[in-house]
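Commentary on secondary and tertiary structure
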Amino acid sequence: MADAPWAEIREKFQTALALSRVELHKNPDKEPYKSKYSARALLEEVKALLGPAPEDEDERPQADDSLGAGEHALGLPAELVEAEGPVAQGAVRRAVIEFHLGVNHIDTEELSAGEEHLVKCLRLLRKYRLSHDCVSLYIQAQNNLGILWSEREEIETAQAYLESSEALYNQYMKEIGSPPLDPTEHFLPEEEKLPEQERSKRFEKVYTHNLYYLAQVYQHMEMFEKAAHYCHSTLKRQLEHNAYHPMEWAINAATLSQFYINKQCFMEARHCLSAANVIFGQIGKIRTTEDRQHRRA
């Protein structure tokens, strides 16, 4: 691809990401999704500039895609196929755009369109899903489909997607283990690629989200023991990676304590309540620090 078009593609993509992060309340009251629609238009422009997807068997619609019940949604082991060569790289870049278009439509409450884009993302990545370049994006697409189906109260379909993500993460960490590429890096020049530490941080955050959503699904399915296990794992990982909102974390820990009390696991319940109390105590300190930084700015 020529330098000028690729530079234009990168710029449009980065602008679209920035617009996607604009908080809804910063848009006009009558146009709450204004920034989202602007981001979508740019993503569509990038998609057009990338050109049509190559004719490949893995990218054609298959009977299992519409239901999410195919190989990719059953947690079956993946084979390592690296995304090498112009055809593979083109497919991966298009998958990134399909992913962001899917999230964009979901954010604007257009769930069917969002599902369509996310399924296209999975289809483009299927053969490469265990690779260093694609595993994080594939898991994120499945996580979002899991949330989408959960909101439709199709819990078993949500469960299939989320358990597939968990299985793929575990397989990747066992067989490969190195921090994978973050999806945004497919549109960054080489000198701006993320260091391994940041890649690892982002990938672990993706997996933590996966466990969080699984805990909710198991709770909904009344698989309370499993839900408690995944909730505990989520809380533990959030603390380890310093990635949590104190109020939300404290509430979740206190709620988990009630499960342990009902099971007469009083030591575990006490530990959860103590931890909730400690984290809840951070709220005032964090706000004070933020206020101080705001005054300095």
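Given the structure is predicted, the values throughout are model-derived calculations rather than measurements.

Remarks on helix α7 (residues 196-220)
- An ideal rise of 1.5 Å per residue puts 36 Å on 25 residues; α7 measures up with 36 Å between its terminal C-alpha atoms.
- Every buried residue of α7 is listed here: Arg199, Phe203, Glu204, Val206, Tyr207, Thr208, Asn210, Leu211, Leu214, Ala215, Val217 and Tyr218.
- Close packing links the buried residues of α7 with α5 (135-151), α6 (155-175) and α8 (224-240).
- Glu222 lies just past α7 and shows a positive phi near 60°.

What to know about the layout of surface pockets
- Estimates place the volume of the largest pocket at around 1300 Å³.
- For the largest pocket, the lining is made up of 32 residues, of which Phe99, Val103, Gln140, Lys205 and His209 are closest to its centre.
- Those elements that provide at least two residues to the lining of the largest pocket are α1 (3-20), α3 (85-107), α5 and α7.
- In terms of residue count, the dominant contributor to the lining of the largest pocket is α7 (eight residues).
- For the lining of the largest pocket, a count of residues per class yields eleven nonpolar, eleven polar and ten charged.
- Here the second largest pocket is characterised by a volume of approximately 310 Å³.

Here's the deal with the packing of helix α4 (residues 111-125) against α5
- Contact geometry for α4 and α5: axes closest at 10 Å, N-to-C directions at 150°. Considered as vectors, α4 and α5 are oriented roughly antiparallel to each other. In the packing of α4 onto α5, the handedness of the crossing is left-handed. Between α4, through Leu111, Glu115, Leu118, Val119, Cys121, Leu122 and Leu125, and α5, the contact on the second element is made entirely by Leu137, Tyr138, Ala141, Gln142, Asn144, Leu145, Leu148, Trp149 and Glu151.
- The residue inventory of the contact of α4 with α5, partitioned by class, reads twelve nonpolar, two polar and two charged.

Rules used throughout
Residues numbered from 1 in each chain as written. Predicted model: local features only at pLDDT ≥ 70, side-chain atom pairs only at ≥ 80, totals over all residues. Heavy atoms only, no water. Helix = DSSP H or I, 4+ residues; strand = E, 2+ residues; numbered from the N terminus. Expected span 1.5 Å × (residues − 1). Buried < 20%, exposed > 50% of the residue type's maximum accessible area, 1.4 Å probe, protein only. Contact = heavy atoms within 4.5 Å. 1 Å grid on protein atoms, 1.4 Å probe; cavity = no way out; pocket = protein on both sides within 12 Å on 5 of 7 lines; lining within 4 Å. Points joined across faces, edges and corners; volume = space filled by probe spheres on them. Nonpolar A, V, L, I, M, F, W, Y, C, P; charged D, E, K, R; others polar. Axes fitted to C-alpha atoms, helices over the stretch in contact; angles between N-to-C directions. Parallel < 35°, antiparallel > 145°, perpendicular 65-115°, else oblique. Left-handed = near helix turned anticlockwise from the far one by under 90°.

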